[in-house]
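What follows is each chain in one-letter form.
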There are 2 protein chains.
Amino acid sequence: MYKLNSILENRTINQLISDFKRSPNQLNKPHESDAEILKLNNTLLAVTTDSISEEISQGLYDDPYLVGWMIVTVNMSDLAAVGATPLGILISEIIPKHFKEEKNKELQKGISDACNTYNTFVLGGDTNEGDCLVLTGTAIGIINQDKSISRIGCKPNDIVYTSGRLGSGNAYAISKLISQTNSFSNYKPLAQLKYANVNMQYASCCMDTSDGLITTLDQLMRLNNYGFELDENLENAIDIRAFEYSKNLNIPPWLLFAGQHGEFELIFTIPNNTKDLFLKEAFQNSLNPIELGKVIHQKEIKIPLYDELISMNTTFIRNLPIETNSDVNHYLKMLLEYDYQIKNEPCLKFTSP
Amino acid sequence: MYKLNSILENRTINQLISDFKRSPNQLNKPHESDAEILKLNNTLLAVTTDSISEEISQGLYDDPYLVGWMIVTVNMSDLAAVGATPLGILISEIIPKHFKEEKNKELQKGISDACNTYNTFVLGGDTNEGDCLVLTGTAIGIINQDKSISRIGCKPNDIVYTSGRLGSGNAYAISKLISQTNSFSNYKPLAQLKYANVNMQYASCCMDTSDGLITTLDQLMRLNNYGFELDENLENAIDIRAFEYSKNLNIPPWLLFAGQHGEFELIFTIPNNTKDLFLKEAFQNSLNPIELGKVIHQKEIKIPLYDELISMNTTFIRNLPIETNSDVNHYLKMLLEYDYQIKNEPCLKFTSP
């Protein structure tokens, strides 16, 4: 566990749960799965809970419709990663006294639109008054097989895919938290539930990009004890508007992978010998996965940058939000300094502890 | 629905969910059940979500251990009411930056102790930083029968029981929110999961007293279109220390039933012709239900007070927290005025709209 624990967030979780007993019905261990997997007679149940709180208090989500949309999406995305079909979601809403009725309607419309999009349902909930707007969703899904897709299982030479282009989450975060002038409004991510069936047949591991690409790859590396090497044509995997946006702001595009506000795509691996079958079936299902790279033996995240293949210091990148005490300007400054280092001293090798 | 909607809280919920579609797998309608009931192959799944937020911001729960204990208990209590056996609970914790590590440990210990008490497990969760401490639990249980116990189904002459003595929740609330001098520290409610099997066989309806006895009876009245008449020996159903506490403060003991901070007992009804069988089986299972009264045709809540059988204005009582804008002193003053009315003008008939 020491490698997971190099990441402050993992350490916090491990401390929190250290005295909790595990259920004998639960198939996954902590960190191993985007959703919790429970054995129930001949069915597997997938359950997951996620709150939206910091995003609101930081000003990242200031549109009530988006808050409603996201509380469904973030939870459905966890179900998508494990290959589950949603049964529905329970939502607890803590609503400030001064929250306007019009805003509340927008919030509920975001929830309702997202549920309709995912063909799922609000099963129940709870409402409370509070000082701050906080939403907590708990999604429940079923898996009609004897195993789910977990974060563990990839092998060297497996191909790494993303379900879609990446970077819109971080472009949106830059626009809301840092840039005063330049807005990026194209943020309405879609949980990739449509991948469940194909991934269930072919994927050797899967995790969503709720915390951005680098965090996802780093966590998969720590759990699988293998690394990842990304392809040179990485621009194919960047959201086109996010890419333009970063160029306009003079921010290196790879920072769109490093930030921790994700776009809720799925990162998954496919064994090389079933790649063709997977792609055929994916296209038949109107899915357009993008090849990102491959699994490697070395426990490193290698990204082609500035004509070099750089082994990224992903521990540094992942711990930076906490180390900079959520000061986004300081956080960006540190990332830009790190970019300067790899640009000018690429032979410096950073290894993840 | 107009009768449910006389209660402001019901109206708020109905407005909130008005655009949400219902799941075809969900067996209960809104308000009809303490937990949501989902059909899943040959099993019924019971799911429920509850947050603790107002209780913390109001100062009602200032002990982190109690907060941890309660987030498990309030959700387990909903499972108990529908007759489910818990599979576990997911807990989202929003923890303020300044929250001390020692307090956090107490919080987790409360969660862990409660789970051990109920022989259940934390299945997963989410942690966020926030301005206020907020906990949200989502409990999942199974019912190995083709129907659950709902809030609907009682008939006139059914006997009303409580699983245990009532009033400690409101005595505790008075002590924390109103009395400056006189403390009431015996508040650590227990979800009545042990009633699941017996109630599943005998109970015609059930609801927990999370919001106090009068709220529970009033909601059951609105859902069943029958009323309740309580017995004269009502003192048998009051928590002894809560009773002493109210006498010391010169607060009429029936206010321990009227306040909306409950004690998480179960209120349930048993058809008169199976009463003896029920009681026999209950005692065999070391359960000690207390008879409260009976179901009546008239849609009234009749309580023996001041040598009269008073038809209580439960609409007034239930809406009072919102009408008094959560001002607890004003709330108590209004309740005491109402008490004065029924004591001195008992022939005034209050009917619930």
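Residues numbered from 1 in each chain as written. Chains lettered and ligands numbered in written order. Predicted model: local features only at pLDDT ≥ 70, side-chain atom pairs only at ≥ 80, totals over all residues.

Quick question: what am I supposed to make of the overall build of chain A here?
A tally of regular secondary structure across chain A gives 12 helices and 12 strands. Taking 2.2 N^0.38 as the reference for a compact globule, 353 residues should give roughly 20 Å; the C-alpha atoms of chain A span a radius of gyration of 20 Å, in line with that estimate. By principal-axis analysis of the C-alpha atoms, chain A measures approximately 55 × 50 × 45 Å. Across the 353 residues in chain A, those meeting the buried criterion constitute 53%. Considering only contacts in chain A between residues 6 or more positions apart, those separated by 24 or more positions represent 83%. (Helix = DSSP H or I, 4+ residues; strand = E, 2+ residues; numbered from the N terminus. Rg over C-alpha atoms; globule rule 2.2 N^0.38 Å. Buried ≥ 20, exposed ≤ 12 C-beta atoms within 10 Å, placed from the backbone. Contact = placed C-beta atoms within 7 Å.)

Help me understand the sheet that holds strand E7 (residues 205–208) of chain B, please; the structure alone is not making it clear to me.
Each strand in a sheet pairs with its neighbour through backbone hydrogen bonds, running either in the same direction (parallel) or in the opposite one (antiparallel). Residues and elements named next belong to chain B. Taking strand neighbours across the sheet as the criterion, the seven strands line up as E7-E9-E6-E10-E8-E11-E12 in an open arrangement whose pairing is mixed. Edge positions in the sheet fall to E7 and strand E12 (308–311), since each of these pairs with one other strand and no more. Strand-to-strand twist in this sheet, taken as the mean axis angle between neighbours without regard to direction, amounts to 25°. Of the strand pairs in this sheet, strand E8 (residues 227–230) and strand E10 (residues 290–296) are connected by four bridges, and their pairing is antiparallel. Paired with Gly-227 across the bridge in E10 is Ile-296. Its contacts with the sheet put helix H3 (residues 64–82) on E7 and strand E9 (266–270), and the angle it makes with E7 is roughly 170°. (Pairing = 2+ DSSP bridges. Axes fitted to C-alpha atoms, helices over the stretch in contact; angles between N-to-C directions.)

What am I meant to see in helix H8 (residues 240–248) of chain B here?
An α-helical turn contains 3.6 residues, so a residue and the one three or four places further along point in the same direction. Residues and elements named next belong to chain B. For H8, the complete set of buried residues consists of Ala-242, Tyr-245 and Ser-246. Buried positions in H8, seen along its axis, are confined to an arc of 95° and lie on one side of it. Counted as exposed and oriented over 90 degrees from the buried face of H8: Ile-240, Lys-247 and Asn-248. Lining the buried residues of H8 we find helix H5 (168–177) and helix H9 (255–258). With its phi angle positive at about 60°, Asn-250 sits one or two positions after the end of H8. (Arc of directions from axis to C-beta.)

Got a minute to help me understand the interface of chain B and chain A in this structure?
Accessible area lost during the coming together of the parts is what is often quoted as the interface size. Across the contact, 50 residues belong to chain B and 50 residues belong to chain A. Among the elements that line the side of chain B that touches chain A, the one with the most residues is strand E4 (residues 122–130) of chain B, at nine residues. Looking at the side of chain B that touches chain A residue by residue, the class counts come to 18 nonpolar, 22 polar and 10 charged. (Nonpolar A, V, L, I, M, F, W, Y, C, P; charged D, E, K, R; others polar.)

What am I meant to see in the sheet that holds strand E2 (residues 43–52) of chain B here?
Residues and elements named next belong to chain B. Pairing is mixed across the open sheet formed by five strands, whose spatial order is E1-E2-E5-E3-E4. Both edges of this open sheet fall to strand E1 (36–40) and E4, since each of them pairs with a single strand only. Direction aside, neighbouring strands of the sheet carry axes that sit 15° apart on average. The strands touched by H3 within the sheet are E1, E2, strand E3 (85–96) and strand E5 (134–143), with E5 carrying the most contacts at an inclination of about 30°.

How should I be thinking about the nonpolar core in this particular structure?
In summary, soluble globular proteins display a tendency toward joint burial of nonpolar side chains. By size, the foremost hydrophobic cluster in this structure holds 206 residues, and its most contacted members are A:Ala46 and B:Ala46. Not counting residues within four places of it along the chain, the set of residues in contact with A:Ala46 comprises A:Ala35, A:Ile37, A:Leu79, A:Val82, A:Ala84, A:Gly141, A:Ile143 and A:Ser148. (Core = buried A, V, L, I, M, F, W, Y, C linked by C-beta atoms within 7 Å.)

Which parts of the structure should I look at to understand the environment of B:Leu44?
Residues and elements named next belong to chain B. Along the chain, the position of Leu-44 falls in strand E2. Accessibility expressed as a C-beta count within 10 Å gives 21 for Leu-44, which makes it buried. Each C-alpha atom of the pair Leu-44 and Leu-27 lies 9.2 Å from the other, and the pair is 17 residues apart in sequence. Contacts of Leu-44, omitting those with residues within four sequence positions, involve Ile-37, Leu-38, Lys-39, Ile-142, Ile-143 and Ser-148.

Before we go on, may I ask you to explain the packing of helix H11 (residues 314–323) of chain A against helix H12 (residues 328–344) of chain A in this structure?
Two quantities define a packed helix pair, namely the angle between the axes and the distance from one axis to the other. All names here are of chain A. Between H11 and H12, the shortest axis-to-axis distance is 10 Å and the interhelical angle comes to 160°. In terms of orientation, H11 lies roughly antiparallel with respect to H12. Note that H11 runs across H12; the crossing there is right-handed. Contact residues: Phe-316, Leu-320 and Pro-321 in H11; Tyr-331, Met-334, Leu-335 and Tyr-338 in H12. Of the residues belonging to the contact of H11 with H12, the class tally is seven nonpolar, no polar and no charged. (Parallel < 35°, antiparallel > 145°, perpendicular 65-115°, else oblique. Left-handed = near helix turned anticlockwise from the far one by under 90°.)

I'm lost on the relation of the copies chain B and chain A in this one. Help?
The two chain copies are related to each other by a rotation about an axis together with a translation along it. When chain B is fitted onto chain A, the two copies agree to an RMSD of 0.0 Å after a turn of 180° and an axial shift of 0.0 Å. A rotation of that kind, with that shift, is consistent with a two-fold axis. A symmetric contact is evident, with 100% of the interface residues of chain B recurring at the interface of chain A. (Least-squares fit on C-alpha atoms with pLDDT ≥ 70 in both.)

How do you make sense of the environment of B:Asn272 when you look at a structure like this?
All names here are of chain B. Relative to the helices and strands, Asn-272 is located in the loop between E9 and helix H10 (275–284). We classify Asn-272 as partly exposed; it has 14 C-beta atoms within 10 Å. Remark: the alpha-carbon pair of Asn-272 and Ser-246, spanning 26 residues in sequence, is separated by 33 Å. Ignoring any residue separated from it by four or fewer positions in sequence, one finds Asn-272 in contact with Asn-157, Asp-158 and Ile-159.

What's the story with the domain arrangement of chain A in this structure? I'm lost.
Residue and element names in this part refer to chain A. As assigned here, chain A comprises domain 1 (20–143) and domain 2 (159–344). On the domain 2 side, the residues contacting the 20 residues of domain 1 number 20 residues. At nine residues, the largest contribution of residues to the side of domain 1 that touches domain 2 is made by helix H3 (residues 64–82). (Domains from an automatic or database assignment.)

Sorry, what's going on with the pairing of E2(B) here?
Side-chain positions along a regular strand alternate between the two faces of the sheet. Residues and elements named next belong to chain B. E2 sits mainly inside the fold: nine of its 10 residues count as buried. Two elements, E1 and E2, share five bridges in a ladder whose sense is antiparallel. Among the inter-strand pairings, Leu-38 is bridged to a residue of E2, identified as Leu-45. Once E1 ends, the chain turns through two residues before running back antiparallel as E2, passing Asn-41 with a positive phi of about 50°. Two strands pair when backbone bridges link them, and E2 and E5 are joined in this way by nine bridges, in the antiparallel orientation. Its bridge partner lying in E5, Ser-51 is registered against Thr-136.

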